[in-house]
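Take a look at the letters that make up each chain.
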Amino acid sequence: MISSTQMRAARALLGIDQKQLAEMAGVSVPTIQRMESSHGNVRGVVATLTKIIDALDAAGLELIGNENPSQGRGRGVRLKEPQ
């Protein structure tokens, strides 16, 4: 699962815009816009979510789930739990 915040952060880390992510994933720009404007976890067709996650993975990004350790080395971001 990916959150809308993770999608925006992933694009920021890659230095790409919504159009570029849409092209990389083979989805439409309105799909990216709709997903990024949602609250919490992104909702959508599983196949579409998989395309986006695969595109981010191919670009060298690792999505870190809540309470999960990182699988690799390198830089990244993670939100702290609200206090």
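A quick note: this is a predicted structure, and the numbers were derived from the prediction, not measured. (Residues numbered from 1 in each chain as written. Predicted model: local features only at pLDDT ≥ 70, side-chain atom pairs only at ≥ 80, totals over all residues. Heavy atoms only, no water.)

## Section: the pattern of salt bridges
Working step 1: Summed over all chains, the structure comprises one salt bridge.
Working step 2: The residue R11 makes a salt bridge to E36 at a minimum N-O spacing of 2.6 Å. Taken together, the positions of R11 in helix α1 (residues 4–14) and E36 in helix α3 (residues 29–37) put the pair 25 residues apart, joining distant regions of the chain. Both residues of the pair, R11 and E36, belong to the buried class. (Salt bridge = Lys/Arg side-chain N within 4 Å of Asp/Glu carboxyl O. Helix = DSSP H or I, 4+ residues; strand = E, 2+ residues; numbered from the N terminus. Buried < 20%, exposed > 50% of the residue type's maximum accessible area, 1.4 Å probe, protein only.)

## Structural notes on the packing of helix α2 (residues 18–25) against helix α4 (residues 46–58)
Working step 1: Direction vectors running N to C along α2 and α4 enclose 100°, while the axes themselves pass 8 Å from each other. Taken together, the axis directions place α2 and α4 in an arrangement best described as roughly perpendicular. Within the contact between the two elements, α2 uses L21, M24 and A25 and α4 uses K51, I52, A55 and L56.
Working step 2: Residue composition of the contact of α2 with α4, grouped by class: six nonpolar, no polar and one charged. (Axes fitted to C-alpha atoms, helices over the stretch in contact; angles between N-to-C directions. Parallel < 35°, antiparallel > 145°, perpendicular 65-115°, else oblique. Contact = heavy atoms within 4.5 Å. Nonpolar A, V, L, I, M, F, W, Y, C, P; charged D, E, K, R; others polar.)

## Focus on the confidence of the model for the chain
Fine structural detail should not be taken from predicted coordinates in areas where pLDDT scores are low.
Working step 1: The share of residues in the chain with pLDDT of 70 or more is 80%, and the mean pLDDT across the chain is 85.
Working step 2: Here α1 stands out as the least confident element of the chain, with mean pLDDT 90; α2 is the most confident, with 98. (pLDDT = per-residue confidence, 0-100.)

## Observations regarding the packing of α3 against α4
Working step 1: Running from N to C, α3 and α4 cross one another at 90°; their axes reach a closest spacing of 12 Å. Overall, the two elements α3 and α4 adopt an arrangement that is roughly perpendicular. Residues T31, I32 and M35 of α3 form the contact with α4, whose participating residues are T48, L49 and I52.
Working step 2: Looking at side-chain class alone, the contact of α3 with α4 contains four nonpolar, two polar and no charged residues.

## Concerning the nonpolar core
Across soluble globular proteins, you tend to see nonpolar side chains buried next to one another.
Working step 1: Ranked by internal contacts, the top residues of the largest apolar core, which has 16 residues, are M7, L21, I32, I52 and L56.
Working step 2: The set of elements that each furnish at least two residues to this core consists of α1, α2, α3 and α4.
Working step 3: For this core, the element with the most residues is α4, which contributes four residues.
Working step 4: Setting aside residues up to four positions removed in sequence, M7 forms contacts with I2, L21, I32, M35, E36, V42 and I52. (Core = buried A, V, L, I, M, F, W, Y, C linked by side-chain atoms within 4.5 Å.)

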